[in-house]
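If you want the building blocks of each chain, they are given just below.
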Amino acid sequence: MSGGFGRLLVLLVGDAQADRIVPPTGYTARLTVFSAAAMAFLAVFTLALSLATGRLADRWGAELARTSTLRISAPAEQMAAQTEAALRVLETTPGVERARALTDEEQRALLEPWFGPDLPVDTLPVPRLIEIVEGGDGFDAAGLRLRLSAEVPGAVLDDHTRWRRPLVSAARALRSLGWLAILLIAGTVAAMITLAANAALAANAQVIAVLRLVGARDSYIAGAFVRRFTQRALAGAAIGTVLGVGAIAFLPSADAAGGFLTGLGFRGWHWGLPVLIPPLAAAVAYVATRAAARRTLRELP
């Protein structure tokens, strides 16, 4: 345990003697820090977008799962009678917590986005809608349809099944795309750091040759580059994560407008997830730099 902690401490703190062979400044240092910061910033937003999409789909799915709609199409002189008959059927149906017919004003509000605010609902053959709220384990949709077909011929039950399935599929697809985007970001970080490490190793080929002449092992030389680039990636990712979390914290909350874009952000313990981004970036940098250093040192004369 103590040996592992010691290696971790050396990796983060560094070896002052070995780190002298790695240029502390220059374009490779700036490139590593900038790329890690930019990718961490994007990773924060990708993670927030994925979580927000999942929350929105779950909320929509839960709301649709608890509600159903009964649509009654009948001549005007029979509409009231069939509506009353449908409400009586629903009142005696196990699993139905409550049911109510929407008023003309409520139906007008539902149709307003498509037909405008001056729609004369009372003069048009618009079906009467009954909102059904399920309770407990819900009701038997097939049995209810049979009862309605016998007692209310003009009634059509919509239990929102066809709406729930696309939402669940979309949520899964978007979550998968979010994880794929994070993997692509990690791959981009690895590629950028590999290029920077190769450039730094090539620029210090003469110094490496001298170190070999005085007895330095390739593992010692590679360790210096691995430590330096891991530290840079960790610092850059930490900066990008802080900036990303700060930007998300200033976004409007979901309660302000109730829309999707205003709900982009973290909730509850999800605020702790961005903390994992800098260590993961450092791990990616460690693996990428280690592989690049070993390969380049084998190729150097």
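Here, every reference points to the structure presented above.
Residues numbered from 1 in each chain as written. Predicted model: local features only at pLDDT ≥ 70, side-chain atom pairs only at ≥ 80, totals over all residues. Heavy atoms only, no water.

Chemist: So what about the overall build of the protein? Which residues, and what values?
Modeler: Secondary structure summary: the protein contains 10 helices and 4 strands in total. Each helix (α) and strand (β) of the protein, taken in turn from the N terminus, gives the series α-α-β-α-β-α-β-α-β-α-α-α-α-α. With 301 residues in all, the protein has 38% of them scored as buried. A total of about 17,300 Å² of accessible surface is found on the protein, and carbon and sulfur atoms cover 66% of it. (Helix = DSSP H or I, 4+ residues; strand = E, 2+ residues; numbered from the N terminus. Buried < 20%, exposed > 50% of the residue type's maximum accessible area, 1.4 Å probe, protein only. Areas by Shrake-Rupley, 256 points an atom, 1.4 Å probe, with all protein chains shown as cover.)

Chemist: Can you lay out a positive patch on the surface for me, pointing to particular residues and giving the numbers?
Modeler: Where like charges cluster on the molecular surface, the positive patch consists of Arg290, Arg294, Arg295 and Arg298. Within the secondary structure layout, Arg295 lies in helix 10 (residues 277–299). (Patch = residues over 30% accessible without salt bridge, like charges linked within 9 Å, V, L, I, M, F, W, Y side chains within 5 Å. Salt bridge = Lys/Arg side-chain N within 4 Å of Asp/Glu carboxyl O. Lys, Arg positive; Asp, Glu negative; His and termini not counted. Charge placed at Lys NZ, Arg CZ, Asp CG, Glu CD.)

Chemist: I'd love a proper account of the pattern of salt bridges, names of residues and values included.
Modeler: Counted under the stated rule, the structure contains 3 salt bridges. The salt bridge involving Arg98 is made with Glu97; its shortest N-O contact spans 3.4 Å. For Glu97, a relative accessible area of 48% translates into the label partly exposed. A salt bridge links Arg100 to Glu106, with the nearest nitrogen and oxygen atoms 2.9 Å apart. Accessibility expressed as a relative area gives 37% for Arg100, which makes it partly exposed.

Chemist: How would you explain the pairing of strand 1 (residues 67–72) if you had to name every residue and give the values?
Modeler: Sheet topology note: the strand 1/strand 3 (residues 128–134) ladder contains 6 bridges and is antiparallel. From the neighbouring strand, Arg71 faces strand 3, where its bridge partner is Leu129. Pairing of strand 1 with strand 4 (residues 155–158), which is carried by 4 bridges, proceeds in the antiparallel orientation. If you follow Thr69 over to strand 4, its bridge partner there is Asp158. (Pairing = 2+ DSSP bridges.)

Chemist: How would you summarise the side chain of His270 if you had to cite specific residues and measurements?
Modeler: Positionally, His270 belongs in the loop between helix 9 (254–257) and helix 10. Filtering out sequence-adjacent residues up to four positions away, His270 remains in contact with Leu51 and Arg55. (Contact = heavy atoms within 4.5 Å.)

Chemist: How would you explain a nonpolar patch on the surface if you had to name every residue and give the values?
Modeler: A surface patch of nonpolar side chains, amounting to about 380 Å² of accessible area, comprises Leu174, Leu177, Leu180 and Leu184. Counting through the fold element by element, Leu174 comes out in helix 6 (residues 161–203).

Chemist: Any chance you could break down the packing of helix 8 (residues 218–249) against helix 10 for me, citing the residues and the numbers?
Modeler: Relative to each other, helix 8 and helix 10 sit at 150 degrees, their axes nearing to 8 Å. Here helix 10 runs roughly antiparallel to helix 8, going by the angle between their axes. Regarding helix 8 and helix 10, the two cross each other, and that crossing is right-handed. From helix 8, Asp218, Ile221, Ala222, Phe225, Val226, Phe229, Thr230, Ala233, Leu234, Ala237, Ala238 and Thr241 reach across to helix 10, where they touch Ile277, Pro278, Pro279, Ala281, Ala282, Ala285, Tyr286, Thr289, Arg290, Ala293 and Leu297. Its residues assigned to classes, the contact of helix 8 with helix 10 shows 18 nonpolar, 3 polar and 2 charged. (Axes fitted to C-alpha atoms, helices over the stretch in contact; angles between N-to-C directions. Parallel < 35°, antiparallel > 145°, perpendicular 65-115°, else oblique. Left-handed = near helix turned anticlockwise from the far one by under 90°. Nonpolar A, V, L, I, M, F, W, Y, C, P; charged D, E, K, R; others polar.)

Chemist: Describe the nonpolar core, and please don't skip the residues or the numbers.
Modeler: Core analysis: the biggest nonpolar cluster contains 33 residues, and Ile193, Ile208, Ile221, Phe225, Phe229, Phe266 and Leu297 have the highest contact counts within it. Going through the elements one at a time, helix 2 (27–66), helix 6, helix 7 (205–213), helix 8 and helix 10 are the ones with two or more residues in this core. Sorting elements by how many residues they give to this core places helix 2 first, with 8 residues. Listed in part, the 18 residues of the second largest apolar core include Met79, Phe139, Val152 and Ala155. (Core = buried A, V, L, I, M, F, W, Y, C linked by side-chain atoms within 4.5 Å.)

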